[in-house]
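Here is what each chain is made of, one letter per residue.
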Amino acid sequence: MENRAHKHSLISRGVGILSVACASFILMSAAVEAKGPLNVSAQEVKQISLTEERIQSVLNDAYAKFKDNQDGKNADYIKALAVVDSKIFGITLVTADGKVYEVGDTKEAVSIQSISKVFTAAKVIQEKGDKFLQEKIGVNATGLAFNSIIAIEQHGGSASNPFVNAGAIQSTSWVEAKDSKERWAKIKTYMDDFAGRKLPFNEEVYQSEVNDNKRNQAISKLLDANGRMGSDPLEATTVYTKQCSVNISSHDLGMMGATFANDGINPLTKKKVIDEEYVPHILAVMATAGLYDNAGDWLYLTGTPAKSGVGGGILAIVPGKMGIGVVSPPLDKYGNSVRGQQAAAYIIDKLGLNPFAQ
Ligand code: GLN
């Protein structure tokens, strides 16, 4: 068992919060971390012209280069995720004006899992404003695993940001609705608006997780005990579990990212989904905490806001320019897609997209 998760497991059991979910939380072997030098120098970045041919050929190269990498392992603490075809590998880049470039299994869907947290946080900021998100939920990295309970205790009884489980369950609870049915419907519609289509729901993943989400229930109860929840904690956990069970392909992720890159307007449907003024705040939290306790390494390497999910999806956004979606289920020890990180980092490097190198 990976050390950090193991230590985490022992402490959690020690405080008597839970045991079964924790003991089964064995995260991924064969860590492949997003580290390494940039291959394209800052001077070269300024020379790159983003022609259609160049974009497509860099995507093709990324696919060919990482296709056969078998490092990492599907998440298995949610049983339905363990049996997803680990060979799925799709890469899609969508520009802010809606041009689509893609390669591989770009229509194959996996459950969105933690990437859904971005859209629920976007809903909360849209409804309640940026101060609310910052003050009620938080915008700082925890430096700990995404399902950490210690992180809550260490930060005054609240989640530190909306992209760890605690913060996402908190966000869900604050979406304005008369009951949990309406809350779920609003979140789902909002995700659909970002994608520009009705996203399918993965009933199998939902059933698998909803019957095995005692740790998230414990997190929601702890937050509630600290007066942090906007609605019933267990109901919010169920809605959160539903939002994690929505299916997305790399194509969907690319489109959802392009909506952010296009100042909050879906480039396909032209629908305004989020106010332009809130986009930088959501991207900033993605940069800080999108890849959990490996977010610093990711930012150091690519300079881009990104968000991963244990279903194997990853979404990187080049502000004002494009969304890059990759789907590949095997994960590293942090819970981030191995090939997803590799492909996205490669594309960002080769196309000179690092925002800090402009
Ligand atoms: N639904 C998953 C959970 O609550 C999401 C985790 C993730 O993608 N990091 O554990």
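A. Spotlight on the site of the ligand. Around the ligand lies a shell of 13 residues, among which Y77, Q113, S114, E209 and Y292 are the nearest. Measuring from an oxygen atom of the ligand, one finds a side-chain N or O atom of N165 at 3.1 Å. The side chain of Y292 places a nitrogen or oxygen atom 2.7 Å from a nitrogen atom of the ligand. Taking 300 Å² as the accessible area of the ligand by itself, protein coverage stands at 99%. Taken together, the residues of the shell around the ligand break down into seven nonpolar, five polar and one charged.

B. View of the pairing of strand β1 (residues 90–95). Counting buried residues in β1 gives six out of six residues, a clear majority hidden from the surface. Looking at chain direction, β1 and strand β2 (residues 100–104) are connected through five bridges and run antiparallel. What sits directly across from T92, in β2, is E102. Taking the residues between adjacent antiparallel strands as the criterion, β1 and β2 are bridged by four residues, where G98 takes a positive phi near 90°. Across six bridges, the pairing between β1 and strand β7 (residues 322–327) is antiparallel. Note that in β7 the partner of T92 across the bridge is G325.

C. How the structure looks around the packing of aromatic side chains. Summed over the entire model, instances satisfying the criterion amount to 11 aromatic pairs. What links up through ring pairs into an aromatic cluster is the set F119, Y190, F194 and F260. Directly above the aromatic system of F132 lies the positively charged group of K128, at a separation of 5.4 Å from the ring centroid. Lying across the ring of F89, R339 places its NZ or CZ 4.4 Å from the centre.

D. Quick look at the pattern of salt bridges. Counted according to the given criterion, the structure contains 12 salt bridges. Between K186 and E127 there is a salt bridge whose closest N-O contact spans 2.6 Å. Of this pair, K186 sits in helix α10 (residues 180–195) while E127 sits in helix α6 (residues 116–128), placing them 59 residues apart in sequence. Judged by its relative accessible area of 23%, K186 falls in the partly exposed class. Accessibility expressed as a relative area gives 23% for E127, which makes it partly exposed. In this structure, K188 engages D192 in a salt bridge whose closest nitrogen and oxygen atoms are separated by 2.9 Å. Here K188 pairs with D192, and both are found in helix α10, just four residues apart, close to one helical turn. One exposure class covers both K188 and D192, and it is buried. Each member of the salt-bridge network shares a partner with another, and the members are K188, D192 and K198.

How each quantity is defined
Residues numbered from 1 in each chain as written. Predicted model: local features only at pLDDT ≥ 70, side-chain atom pairs only at ≥ 80, totals over all residues. Heavy atoms only, no water. Near = heavy atom within 4 Å. Polar contact = N/O pair within 3.5 Å; in protein donor to acceptor, adjacent residues only side chain to side chain. Areas by Shrake-Rupley, 256 points an atom, 1.4 Å probe, with all protein chains shown as cover. Nonpolar A, V, L, I, M, F, W, Y, C, P; charged D, E, K, R; others polar. Buried < 20%, exposed > 50% of the residue type's maximum accessible area, 1.4 Å probe, protein only. Helix = DSSP H or I, 4+ residues; strand = E, 2+ residues; numbered from the N terminus. Pairing = 2+ DSSP bridges. Phe/Tyr/Trp six-rings, centres within 6.5 Å; stacked < 30°, edge-to-face > 60°. Lys NZ or Arg CZ within 6 Å of the ring centre and 35° of its normal. Salt bridge = Lys/Arg side-chain N within 4 Å of Asp/Glu carboxyl O.

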